[in-house]
Amino acid sequence: MYRFLLSRQWVILTLIALVLVPTMIELGFWQFHRHERRVAQNALIEDSVSAKPVPVEQLTSPGHTVPRADYWRPVTATGTFDTAHEVVVRRRTSSDDRIGVHVLTPLVLRDGKIVIVNRGWVPAAADQHSFPAVPPVPKGEVTVTGRLKADETTGASGIKDLKGLPDRQVMLINSRQQAELIGREVLGGYVEQTAPDPADGTIEQIPEPDHDSIGAHMAYAVQWWLFAAGVPVGWVILVRREKRDREAAAAPGAAGPPEPDTAETLATPSR
């Protein structure tokens, strides 16, 4: 009674089930690993932002690539802002999802080296070719506190580094690009300013990264694994139903094709 499993229809159905099960299991592990990475990142952010600020020169240097372990570490930098080489980063959003720009201002340190400071978000200009209104920087020497971040790249961020942009406008926050524009040594990475607060509130500083939410990746993983377990169960149910229907059709006394009505046959004149 199970020879029907060798039919074309059942072979195809079985092959589909055999492909679906490992695929769904793999998708479950993919979501599970995303959950693990999110949990690890949240722990890294929490540990980093709660650390004691250290001078930025202790964690980076010209040409240095900021390692993941130092992301979001609080740092301090003392120097004078260089507004002559100030640029804005296009297509950045505010905390309420308005499109604008981030303001990057070089800070010249006491030893002459430069660190790029992301001072925060401001609205974009009325047209894409104009430089937006940027709040002035404090005069004289200033000590900036912020979070150390790694250079942005197209590969890591997905942001296209467009060419031919208007003067003093960029797409990525990248210390190597800024070093070429300025013509001086620039510390690797950049500082996301958190203090001092802007006096007039005309610039919106970057908020602390979220490290509480873990997303729904674990729930998605469990769903995929449940789907994987459901495929063989569904296959068995279908096989048993097919077997039961075939047994019922082969049983003695099973209804065959309907017989013609005798009375109707007799009443029908012959030709």
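See the structure above.
What counts and what doesn't
Residues numbered from 1 in each chain as written. Predicted model: local features only at pLDDT ≥ 70, side-chain atom pairs only at ≥ 80, totals over all residues. Heavy atoms only, no water. Buried < 20%, exposed > 50% of the residue type's maximum accessible area, 1.4 Å probe, protein only. Helix = DSSP H or I, 4+ residues; strand = E, 2+ residues; numbered from the N terminus. Pairing = 2+ DSSP bridges. Core = buried A, V, L, I, M, F, W, Y, C linked by side-chain atoms within 4.5 Å. Contact = heavy atoms within 4.5 Å. Salt bridge = Lys/Arg side-chain N within 4 Å of Asp/Glu carboxyl O. Phe/Tyr/Trp six-rings, centres within 6.5 Å; stacked < 30°, edge-to-face > 60°. Lys NZ or Arg CZ within 6 Å of the ring centre and 35° of its normal. Axes fitted to C-alpha atoms, helices over the stretch in contact; angles between N-to-C directions. Parallel < 35°, antiparallel > 145°, perpendicular 65-115°, else oblique. Left-handed = near helix turned anticlockwise from the far one by under 90°. Nonpolar A, V, L, I, M, F, W, Y, C, P; charged D, E, K, R; others polar.

A.B. asks: I'm lost on the pairing of strand 5 (residues 114-123) in this one. Help?
C.D. replies: It is a general feature of regular strands that their side chains alternate between the two faces of the sheet. A large share of strand 5 lies buried, amounting to 9 of its 10 residues. Bridge analysis of strand 4 (residues 99-109) against strand 5 gives 9 bridges, and the strand direction is antiparallel. Counterpart to Val103 in the pairing with strand 5 is Gly120. Linkage of strand 4 to strand 5, two consecutive antiparallel strands, is achieved through a turn of 4 residues, within which Gly112 is found at a positive phi near 95°. Pairing analysis gives 2 bridges linking strand 5 to strand 8 (residues 190-195), with the strands arranged parallel. The partner of Val117 across the bridge, within strand 8, is Val191.

A.B. asks: What is the right way to read the pairing of strand 8 from this model?
C.D. replies: Here strand 6 (residues 142-149) runs beside strand 8; their pairing, made up of 5 bridges, is antiparallel. The partner of Thr145 across the bridge, within strand 8, is Ala195.

A.B. asks: Would you take a moment to explain the nonpolar core for this structure?
C.D. replies: One recurring pattern in soluble globular proteins: nonpolar side chains tend to sit buried together. If you look at the biggest cluster of nonpolar residues, it comprises 18 residues, and the most contacted ones within it are Val56, Val75, Phe81, Leu107, Leu109 and Val115. Mapped by element, the contributors of at least two residues to this core are strand 2 (74-81), strand 4, strand 5 and strand 6. Residues in contact with Val115, not counting those within four places in the same chain, are Val56, Ala77, Thr105, Pro106, Leu107, Leu109, Leu187 and Val191. Judged by nonpolar contacts, the second largest core, of 11 residues, contains Leu104, Val108, Ile173 and Tyr190.

A.B. asks: What is the right way to read the pattern of salt bridges from this model?
C.D. replies: Side-chain pairs of opposite charge can arise where the charged atoms are in close proximity. Within the structure shown, the criterion is met by 13 salt bridges. Here Lys113 and Asp111 are joined by a salt bridge, their closest N and O atoms 3.6 Å apart. Close ionic contact of Lys149 with Glu192 constitutes a salt bridge, the shortest N to O distance being 3.2 Å. A residue pair is termed long-range when its members are at least 10 positions apart, and Lys149 in strand 6 and Glu192 in strand 8 qualify at 43 residues. Several salt bridges converge on common partners, so that one network encompasses Arg147, Lys149 and Glu192.

A.B. asks: Explain the packing of aromatic side chains here, please?
C.D. replies: Given two aromatic rings, one states the distance between the centres and the angle between the planes to describe the pair. This structure, assessed with the given rule, holds 6 aromatic pairs. Taken together through their ring pairs, the aromatic side chains of Tyr2, Phe4 and Trp10 make up a single cluster. Lying across the ring of Phe131, Arg168 places its NZ or CZ 4.1 Å from the centre.

A.B. asks: I tried to follow the packing of helix 1 (residues 8-49) against helix 4 (residues 217-250) on my own but got confused; where do I start?
C.D. replies: The packing of two helices is summarised by the inter-axis angle and the distance between the axes. Between helix 1 and helix 4, the least distance of the axes is 6 Å, while the angle of their chain directions is 165°. The orientation of helix 1 relative to helix 4 falls into the category roughly antiparallel. Crossing geometry of helix 1 relative to helix 4 is assigned as left-handed. Taken together, the residues of the contact of helix 1 with helix 4 sort by class into 22 nonpolar, 5 polar and 2 charged.

What is shown is where atoms sit, not what they do.
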